[in-house]
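Here are the chains, one letter per residue:
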Amino acid sequence: ETGVTQTPRHLVMGMTNKKSLKCEQHLGHNAMYWYKQSAKKPLELMFVYSLEERVENNSVPSRFSPECPNSSHLFLHLHTLQPEDSALYLCASSEETSIYNEQFFGPGTRLTVL
Amino acid sequence: ELKVEQNPLFLSMQEGKNYTIYCNYSTTSDRLYWYRQDPGKSLESLFVLLSNGAVKQEGRLMASLDTKARLSTLHITAAVHDLSATYFCAVKTMDSNYQLIWGAGTKLIIKP
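Residues numbered from 1 in each chain as written. Chains lettered and ligands numbered in written order. Predicted model: local features only at pLDDT ≥ 70, side-chain atom pairs only at ≥ 80, totals over all residues. Heavy atoms only, no water.

Novice: Lay out the overall build of chain A in plain terms, naming residues and giving numbers.
Specialist: Per the secondary structure count, chain A includes zero helices and 11 strands. What you see in chain A, going N to C, is helices and strands ordered as β-β-β-β-β-β-β-β-β-β-β. On C-alpha atoms alone, chain A measures out to a radius of gyration of 13 Å, which is about the 13 Å that the 2.2 N^0.38 rule sets for 114 residues. Structurally, chain A occupies a C-alpha span of about 40 × 30 × 30 Å along its principal axes. For chain A, the residues scored as buried account for 47% of the 114 residues in total. Put simply, of all contacts in chain A between residues at least 6 apart along the chain, 53% involve residues at least 24 apart. Accessible surface computed for chain A: about 5,400 Å², of which carbon and sulfur atoms make up 50%. Within chain A, one finds 10 positive and 12 negative side-chain charges whose respective centroids are separated by 13 Å. (Helix = DSSP H or I, 4+ residues; strand = E, 2+ residues; numbered from the N terminus. Rg over C-alpha atoms; globule rule 2.2 N^0.38 Å. Buried < 20%, exposed > 50% of the residue type's maximum accessible area, 1.4 Å probe, protein only. Contact = heavy atoms within 4.5 Å. Areas by Shrake-Rupley, 256 points an atom, 1.4 Å probe, with all protein chains shown as cover. Lys, Arg positive; Asp, Glu negative; His and termini not counted. Charge placed at Lys NZ, Arg CZ, Asp CG, Glu CD.)

Novice: Let's hear about the side chain of Gln37 of chain B: which residues, and what values?
Specialist: Looking at the secondary structure, you find Gln37 of chain B in strand S4 (residues 32-37). At a separation of 2.9 Å, a polar atom in the side chain of Gln37 of chain B contacts the side chain of Gln37 of chain A. (Polar contact = N/O pair within 3.5 Å; in protein donor to acceptor, adjacent residues only side chain to side chain.)

Novice: Please set out the nonpolar core residue by residue, giving values where relevant.
Specialist: Leu32, Trp34, Leu74 and Tyr87 of chain B are the most contacted members of the largest nonpolar core, which has 25 residues in total. Elements with a contribution of two residues or more to this core: strand S2 (10-14), strand S3 (19-25), S4, strand S5 (43-49), strand S7 (61-66), strand S8 (71-76), strand S9 (85-92) and strand S11 (106-111) of chain B. It is S9 of chain B that provides the largest number of residues to this core, a total of four residues. Ranked by size, the runner-up nonpolar core spans 22 residues in total, among them Met46, Phe47, Cys68 and Ala87 of chain A. (Core = buried A, V, L, I, M, F, W, Y, C linked by side-chain atoms within 4.5 Å.)

Novice: Can you break down the interface of chain B and chain A residue by residue, with the values?
Specialist: Taken together, the contacts link 18 residues of chain B with 23 residues of chain A. Buried area between chain B and chain A, both sides added, is near 1,800 Å², and the carbon and sulfur share of it is 51%. Across the contact surface, chain B and chain A share zero salt bridges. For the pair chain B and chain A, the number of links is 11 residue pairs in polar contact (both at pLDDT 80 or more). (Buried area = accessible area lost by both parts, 1.4 Å probe. Salt bridge = Lys/Arg side-chain N within 4 Å of Asp/Glu carboxyl O.)

Novice: Help me get a handle on the state of the cysteines, residues and values and all.
Specialist: Scanning all chains against the criterion turns up two disulfides over all chains. Between the sulfur atoms of Cys23 of chain A and its disulfide partner Cys91 of chain A the distance amounts to 1.9 Å. Disulfide Cys23 of chain A to Cys91 of chain A: torsion about the S-S bond roughly -75°, handedness left-handed. Of this pair, Cys23 of chain A sits in strand S3 (residues 18-25) while Cys91 of chain A is found in strand S9 (residues 87-94), placing the two residues 68 residues apart along the sequence. Owing to a relative accessible area of 0%, Cys23 of chain A belongs among the buried residues under this scheme. What makes Cys91 of chain A buried here is its relative accessible area of 0%. Each disulfide pairs two cysteine sulfurs, and for Cys23 of chain B the partner residue is Cys89 of chain B, the sulfurs being separated by 2.0 Å. Linking Cys23 of chain B and Cys89 of chain B, the disulfide has an S-S dihedral of approximately 80° and is accordingly described as right-handed. Of this pair, Cys23 of chain B sits in strand S3 while Cys89 of chain B sits in strand S9, and the two are 66 residues apart along the sequence. A relative accessible area of 0% means that Cys89 of chain B is categorised as buried. Unpaired in terms of disulfides, Cys68 of chain A finds its nearest cysteine sulfur in Cys91 of chain A, a separation of 9.1 Å. (Disulfide = S-S within 2.5 Å.)

Printed below as a string of structure tokens:
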């Protein structure tokens, strides 16, 4: 595997379900990100982890719970979601020590909440 | 509060033509990114611009940055169908090493 991978690629869940999204980066980066991309809205940063510590949490509802067990893996735990949470969830990673701190994105998980 | 505006939001053009996408931002920043997204796909990094007057080119795409005007441009030369995609600019906020404010995206359709 190369780059940033995400599983599953598609997920349909009911409002009472609990599910998790997984992200893995194979780039040796030290920061990982969760973004939400909804139709007709700019990309929204949800969470950032740097060296496995959460450094940004942009007023995201508690029904989204991130977890970063190590610098290569990032999870987003989902529970009691709402239909308006349906979106493309993108994971990204970057190397903070780089002058560019360029974010590399995974393919995304297309989430549908019924 | 940093705001990022892209224009146009939609652009349909013929192959072989030149065009420019504009990205304006409202407050000081020290880093600007351009990304490309194909339908149903993820975002691909195109350029990172750091300093005033920076210009980067890759194939038919050229990006420039004017920090005084708070403006970046993405110029497409002699467009080809393969460049059809949505292009986003993103600007780093000064108070965070991670937070990017994203433009709404420019959907570019290039007709043969």
